[in-house]
Amino acid sequence: MATATEFRTCPNTGLKVDLAAERLIKANAVVAIVFLAIGGLFGILVAFTRWPAVHLLPADWFYLALTAHGLDVLLVWIIFFEIAVLYFASAVLLNSRLAAPKFAWAGFVLMVVGALITNVAVLQGDSSVMFTSYVPMRAAPNFYLGLILFAVGALIGCFVFFGTLVVAKAEKTYEGSIPLVTFGAMTAAIIAVFTIVSGAIILIPTWLWSYGLIPDIDPVIYKLIWWGMGHSSQQINVSAHVAIWYAIAALVFGAKPLSEKVSRMAFLMYILFLQIASAHHMLVEPGLSSEWKIFNTSYAMYLAVLGSMVHGMTVPGSIEAAQRKNGYDRGLFEWLRKAPWGNPAFSGMFLSLLMFGFLGGISGVVMGVEQINLIMHNTLYVPGHFHATVVAGTTLAFMAITYVLVPLIFRRELILKGWARLQPYVFGIGVAGNSLFMMGAGTLGVSRRHWDISFADASLPFDYPAAAFLMMGLNGISAILAMLGGLMFVIVVVGSVFFGRKLGADEKVSLGEVAGSGRAVASYGSSDTIKIPGTAVLVAIFFIAFVLYYFVNWKYLSEIWPMS
Amino acid sequence: MALTPPSERIWWKEPIAKIELTWILIAFCWGLIMFFMMIYWHGAGEQNLSNETYRIKPEVFAERAQAMIDEYTVREEEGFPVVRPPPGSDVYLIARLWMWWPILELEKDQSYRLHLSSLDWQHGFSLQPVNINVQVHPGYDLVMTIKPDVAGEYGVVCNEYCGLGHHNMVGKIYVVE
């Protein structure tokens with residue numbers, strides 16, 4: 001088998017690139033971006049409907065669009081892209097052939113077919129059950145069937161990744177331990193296996209139930225296991241996008257992890273503790289004890305949060321150390337001021353880091369406090385939080401790495417470089433607005449997944465405060481920005497892939513715009529040479545914001561009706 | 001680089017920089033504080049969700065609610081009975097497609113044992129403007145002791161999607177002096 005594999009040599013790195021792996025990376029990334037565009041379109045319809053002054057769609061179409069939006073962006077776009085990342089982090093980074101490319105294609109086909117089946121089921125109109133499809137509400141059987149096929153396909157992708165790790169080790173394509181980025185991808189793949197198994201445990205019975213073959217499914221158990229899939233899949237995203245942060249820091253700055261040990265331990269925390277986060281969705285459910293909720297919602301005393309807080313220092317820290325090494329050593333922040341803010345790979349990555357930490361991370365931990373969840377559960381605060389993690393965090397990081405993958409893997413030069421330069425800012429600011437204004441509306445009590453917050457046809461009158469309507473309007477305006485940013489991304493990337501100048505076989509790609517990047521930095525980094533005062537200040541600001549916001553919410557909680 | 005195997009083969013023996021170690025310790029301690037804060041609030045705080053839950057058949061829950069409605073209805077409003085049960089008693093609020101039934105009238109600073117359950121799909125009890133949000137499941141009777149401490153008119157919005165009439169599902173609770 002090994003002899004039949006065709007390779008090209010990457011002019012930038014000298015690594016052998018398995019052409020089969022390259023084709024698979026391309027296919028998965030392209031399909032991912034197609035679904036990002038579709039899901040994004042549904043998203044804009046949702047945002048415009050929730051903008052009270054616009055109120056675009058009728059109710060049935062709104063709930064349909066909302067179901068499709070969650071499905072296509074939260075699941076399909078992200079998982080397709082993650083499969084591309086897995087193949088890149090294994091075959092390409094390890095200088096190896098991809099294990100079993102035929103199986104990888106079979107997985108790809110299953111995922112495409114599954115995504116299409118579920119999308120068709122949703123568009124037919126009798127499966128507007130939201131992405132979460134809580135029983136006893138029932139979708140058409142094909143809704144569940146498509147998800148199951150998609151999951152099986154993704155599982156095959158994970159095993160091709162594991163297989164490639166084994167092949168690379170056996171064929172000695174690299175020396176020593178796997179790179180940190182591959183380690184991060186492996187973390188994602190391990191969590192993915194857990195995620196998909198949880199999904200199978202709950203979706204297969206639910207599919208049979210939708211045919212009437214199983215009499216009923218307990219709604220609390222359904223939710224518990226479903227979120228074993230639903231929340232864990234967000235932890236795949238976190239692992240994958242943190243790995244991408246490290247990858248971009250390395251590509252653009254030649255940055256080296258401050259400490260391999262610390263960064264790998266932080267990934268390990270994800271594997272060990274993230275899966276129990278199903279509890280985040282169960283904090284105000286009947287039938288579960290407070291002891292269970294407290295242990296699980298805190299990831300066993302916040303150990304997975306610890307992992308993220310560690311990455312929050314080590315990623316910017318490694319950039320700072322590299323920049324100081326490259327000569328930007330003045331003051332606290334010269335390294336950051338002189339960073340290549342016009343390079344979309346860097347700006348996208350750094351915005352992703354900031355917004356994931358400050359908006360998504362803090363709000364997630366606060367919302368995940370057992371008691372504080374009482375004042376946030378199922379309000380718009382929840383989508384506010386996860387648009388910061390999944391869109392500003394994961395999606396923006398994926399967009400950022402795409403700007404690197406286009407020249408490296410697709411071998412095309414980017415077109416519309418000016419657009420590319422602006423894109424992370426337009427998208428990032430838009431999504432930050434979505435996130436903040438939804439959280440604001442949620443704090444004012446506004447329900448998520450709700451067609452009409454003016455309650456015009458309700459049986460009894462009720463009014464949310466006027467400020468809530470303002471928030472929803474601002475959210476709509478932010479959504480326009482995010483839509484433009486998304487559109488710019490799709491146009492630049494799809495345009496480059498089809499019409500960008502083809503790069504010659506020996507043509508090196510310039511990735512960093514920083515003098516001296518990519519060289520030399522690999523030799524420092526031992527404990528006594530690290531000087532990262534700027535990162536220390538950033539981390540201190542983050543920590544103060546975190547502590548203050550945490551206790552402010554306890555104060556809010558203490559003001560509601562006493563209950564026990 | 002993070003894209004290549006670690007340059008020191010025995011990377012796990014490299015020392016950790018002081019600044020990283022400091023941050024790990026701070027973050028770890030902060031995690032412990034947050035963890036014990038939840039436990040502390042169960043003792044010292046007044047806002048904790050009850051752990052008292054029973055399995056119940058929807059028809060049984062409906063019967064119990066009806067018994068309360070028959071006994072304590074004081075008036076009618078828009079076709080909804082307004083029920084004023086005595087302080088300390090068991091109070092039932094039915095969630096169903098697409099209404100909260102009945103309207104409750106409670107006395108300020110008095111405790112009630114509020115029972116929440118759904119007769120059909122999942123619903124979300126979202127009491128506004130205080131912003132108390134609790135999930136309501138069919139087959140589960142969640143019993144929470146509440147003590148309204150501000151008089152006024154409260155809306156009960158459904159904040160779990162429950163089909164096409166979801167956004168019309170609004171109930172009401174009065175808190176009177």
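Residues numbered from 1 in each chain as written. Chains lettered and ligands numbered in written order. Predicted model: local features only at pLDDT ≥ 70, side-chain atom pairs only at ≥ 80, totals over all residues. Heavy atoms only, no water.

## Here's the deal with empty space enclosed by the protein
All names here are of chain A. Basically, it comes down to this: A pocket here means an open set of points on a 1 Å grid, computed over the protein atoms alone, that has protein on both sides within 12 Å along at least five of seven lines. A cavity is instead a set of points where a 1.4 Å probe fits but cannot get out; residues with an atom within 4 Å of a point line either one. Grid points are joined across faces, edges and corners, and a volume is the space filled by probe spheres set on the points. Secondary structure follows DSSP: runs of H or I at least 4 residues long count as helices, runs of E at least 2 residues long count as strands, and numbering of each begins at the N terminus. Note on residue classes: Ala, Val, Leu, Ile, Met, Phe, Trp, Tyr, Cys and Pro are nonpolar, Asp, Glu, Lys and Arg are charged, and everything else, Gly too, is polar.
Evaluation of the coordinates by the stated rule reveals 4 cavities of 30 Å³ or more. Taken as a whole, the largest cavity spans an internal volume of roughly 320 Å³. Around the largest cavity, the lining comprises 29 residues; the ones closest to its centre are Leu75, Ile79, Thr195, Ile196 and Ser233. At the level of secondary structure, the elements contributing two or more residues to the lining of the largest cavity comprise α2 (59-92), α4 (141-170), α5 (180-210) and α6 (219-253). With 9 residues, the top contributor of residues to the lining of the largest cavity is α5. Looking at the lining of the largest cavity residue by residue, the class counts come to 23 nonpolar, 5 polar and 1 charged.

## Focus on the sheet that holds strand β5 (residues 99-101) of chain B
All names here are of chain B. Stated precisely, the cut-off is as follows: Strands are treated as partners if at least two bridges between them are detected by DSSP. What counts as an axis is a line fitted to C-alpha atoms, over the stretch in contact for a helix, and the angles between N-to-C directions run from 0 to 180 degrees. For this analysis, residues touch if any pair of their heavy atoms sits within 4.5 Å.
Spatially, β1-β10-β7-β4-β5 is the arrangement adopted by the 5 strands of the open sheet, whose pairing is mixed. Pairing within the sheet leaves two strands with one partner each, and these edge strands are β1 (53-55) and β5. Geometrically, the sheet is characterised by an average inter-axis angle of 25 degrees between neighbouring strands, direction not taken into account. Taken together, the 6 bridges between strand β4 (residues 90-96) and strand β7 (residues 112-118) define a ladder with parallel strand orientation. Paired with Tyr92 across the two strands is His115, which belongs to β7. Across the sheet, helix α2 (residues 58-72) lies against β4, β5, β7 and β10 (140-146), angled at about 125 degrees from β4, the strand it touches most.

## Digging into the pairing of strand β6 (residues 103-107) of chain B
If a strand is regular, its side chains alternate between the two faces of the sheet. Residue and element names in this part refer to chain B. Quick note on the threshold: Partly exposed residues are those whose accessible area sits between 20% and 50% of the maximum for their type, while under 20% is buried and over 50% is exposed, using a 1.4 Å probe and protein chains only.
Across the 5 residues that make up β6, a large majority, 4, are buried. Two elements, strand β3 (residues 80-83) and β6, share 2 bridges in a ladder whose sense is parallel. Bridge pairing in β6 links Val83 to Leu104. Taken together, the 4 bridges between β6 and strand β12 (residues 170-176) define a ladder with parallel strand orientation. Within β12, the position partnered with Leu104 by the bridge is Ile173.

## With respect to the environment of Glu413 of chain A
Residue and element names in this part refer to chain A. The line we're drawing: Any N or O atom pair separated by 3.5 Å or less is treated as a polar contact, with the protein-specific requirement of one donor-capable and one acceptor-capable atom, and with residues adjacent in sequence counted only for side-chain atom pairs.
Structurally, Glu413 is set in the loop between α12 (381-408) and α13 (417-443). Residue classification places Glu413 among the partly exposed residues on the basis of a relative accessible area of 26%. Here the alpha-carbon distance between Glu413 and Ser496, two residues 83 residues apart in the chain, equals 6.5 Å. Here the side chain of Glu413 touches Lys417 through a polar contact of 2.8 Å, side chain to side chain. Here the side chain of Glu413 touches Arg501 through a polar contact of 2.6 Å, side chain to side chain.

## Brief notes about the pattern of salt bridges
Residue and element names in this part refer to chain B. Using the following cut-off: By definition, a salt bridge exists where a carboxyl oxygen of Asp or Glu is found within 4 Å of a side-chain nitrogen of Lys or Arg.
The final tally for this structure, using the stated rule, is 25 salt bridges over all chains. The shortest N-O distance in the salt bridge between Arg113 and Asp90 comes to 3.1 Å. Of this pair, Arg113 sits in strand β7 while Asp90 sits in strand β4, placing them 23 residues apart in sequence. Of the residues examined, Asp90 reaches a relative accessible area of 32% and is grouped as partly exposed. One network of salt bridges, in which partners are shared, links Arg75, Glu77, Arg84, Glu105, Glu107, Glu153 and Lys172.

## Comments concerning the packing of α12 of chain A against α13 of chain A
Residue and element names in this part refer to chain A. For clarity, the cut-off: Orientation is classified from the angle alone, with under 35 degrees giving roughly parallel, over 145 giving roughly antiparallel, 65 to 115 giving roughly perpendicular, and any other angle giving oblique.
It is at 7 Å that the axes of α12 and α13 come closest, and there the two elements cross at 170 degrees. When the axes of α12 and α13 are compared, the pair comes out roughly antiparallel. When α12 is examined against α13, the residues Tyr381, Pro383, Gly384, His385, His387, Ala388, Val391, Ala392, Thr395, Leu396, Met399 and Tyr403 are found in contact with a partner set consisting of Ala420, Gln423, Pro424, Phe427, Gly428, Val431, Ser435, Met438, Met439, Gly442 and Thr443. Residue composition of the contact of α12 with α13, grouped by class: 14 nonpolar, 9 polar and no charged.

## With respect to the nonpolar core
Our working definition: Buried Ala, Val, Leu, Ile, Met, Phe, Trp, Tyr and Cys residues that are joined via side-chain atoms within 4.5 Å together make up what is termed a nonpolar core. Segmentation of the chain into domains, including their bounds, is taken from an automatic or database domain assignment.
One finds Met349 of chain A together with Phe125 and Ile173 of chain B to be the most contacted residues of the largest nonpolar core, which totals 258 residues. Looking at which element gives the most residues to this core, the answer is α2 of chain A, with 26 residues. Shared between two domains, this core holds at least three residues of each, these being domain 1 (16-44) and domain 2 (53-176) of chain B. Ile173 of chain B has contacts with Trp561 of chain A together with Leu104, Leu106, Phe125, Leu127, Gly152, Glu153, Tyr154 and Val156 of chain B, leaving out every residue within four places of it along the chain.

## Brief notes about the domain arrangement of chain B
Once the domains are mapped, chain B shows domain 1 (16-44) and domain 2 (53-176). In this structure, domain 1 of chain B and domain 2 of chain B have C-alpha centres spaced 39 Å apart.

## Concerning the packing of aromatic side chains
Put simply, the rule reads: Think of it this way: a Phe, Tyr or Trp ring, Trp meaning its six-membered ring, pairs with another when their centres are within 6.5 Å, and the plane angle makes it stacked under 30 degrees, edge-to-face over 60, tilted otherwise. Counted as over-ring charges are cases with an Arg CZ or a Lys NZ within 6 Å of the ring centre that also lie within 35 degrees of the ring normal.
Overall, the coordinates contain 47 aromatic pairs over all chains when judged by the stated rule. Judged by centre distance (5.2 Å) and plane angle (90 degrees), the rings of Trp11 of chain B and Trp12 of chain B are edge-to-face. Residue class for Trp11 of chain B comes out buried when judged on its relative accessible area of 14%. Clustering of aromatic rings is evident, with ring pairs tying together Phe358, Phe542, Phe543, Phe546, Tyr550, Phe551 and Trp554 of chain A together with Trp23, Trp30 and Trp41 of chain B. For the cation-ring pair, Arg264 of chain A lies above Trp11 of chain B, with the distance from its terminal atom to the ring centre recorded as 4.7 Å. When the ring centre of Tyr174 of chain B is taken as origin, the NZ or CZ atom of Arg75 of chain B, which lies over that ring, is 5.4 Å away.

## Quick notes on α5 of chain A
Within an α-helix, residues lying three or four positions from one another point in the same direction, as the helix has 3.6 residues per turn. Residues and elements named next belong to chain A. Heads up, the rule is: The length a helix should cover is 1.5 Å for every residue beyond the first. The angle between axes fitted to the seven residues ending at a residue and the seven residues starting there is what we call the bend at that residue.
With 31 residues, α5 should reach 45 Å at 1.5 Å per residue; the first-to-last C-alpha distance of 44 Å fits that figure. Approximately 25 degrees is the largest bend angle found in α5, and it occurs at Ala200. Among the 31 residues in α5, 22 count as buried, and that is most of the element. In the stretch just after α5, Gly212 is the one whose phi turns positive, near 85 degrees.

## Section: the packing of α5 of chain A against helix α7 (residues 260-273) of chain A
For any two helices packed against each other, the geometry comes down to the angle between their axes and how far apart the axes lie. All names here are of chain A. Between α5 and α7, the least distance of the axes is 9 Å, while the angle of their chain directions is 10 degrees. By the angle between their directions, the pair α5 and α7 is classed as roughly parallel. On α7, the residues touching Leu180, Phe183, Gly184, Thr187, Ile190 and Ile191 of α5 are Glu260, Ser263, Arg264, Phe267, Tyr270 and Ile271. For the contact of α5 with α7, the per-class residue count stands at 7 nonpolar, 3 polar and 2 charged.

## Quick look at the interface of chain B and chain A
Which entries qualify depends on this criterion: Once two parts are put together, the accessible area they lose, assessed with a 1.4 Å probe and summed over both, is termed the buried area.
Between chain B and chain A, the contact holds 85 residues from the first and 108 residues from the second. Of the roughly 8700 Å² buried between chain B and chain A on both sides combined, carbon and sulfur atoms contribute 68%. On the chain B side of the interface with chain A, the three residues burying the most area are Leu3, Trp23 and Tyr161 of chain B, jointly 9% of the side's total. Viewed at the interface, chain A and chain B are joined by 4 salt bridges. A salt bridge links Arg55 of chain B to Asp218 of chain A; its shortest N-O distance comes to 3.0 Å. Here chain B is connected to chain A by 40 residue pairs in polar contact (both at pLDDT 80 or more). Counting residues per element, the side of chain B that touches chain A draws most heavily on helix α1 (residues 18-44) of chain B, at 18 residues. A per-class count over the side of chain B that touches chain A returns 48 nonpolar, 24 polar and 13 charged.

## Describing the sheet that holds strand β2 (residues 73-77) of chain B
Residues and elements named next belong to chain B. In space, the 7 strands of this open sheet follow the order β2-β3-β6-β12-β11-β8-β9, with mixed pairing throughout. Each edge of the open sheet carries a strand with a single partner, namely β2 and β9 (132-136). Adjacent strand axes in the sheet meet at a mean angle of 25 degrees, parallel and antiparallel pairs treated alike.

## Things to note about the side chain of His377 of chain A
Relative to the assigned elements, His377 of chain A resides in the loop between α11 (344-367) and α12. Overall, His377 of chain A belongs to the buried group, its relative accessible area being 6%. Side-chain polar atoms of His377 of chain A contact the side chain of Gln135 of chain B, separated by 2.6 Å. Apart from the residues within four sequence positions on either side, His377 of chain A is in contact with Lys223, His281, Val284, Glu285 and Val382 of chain A together with Asn133, Gln135 and Asn159 of chain B.

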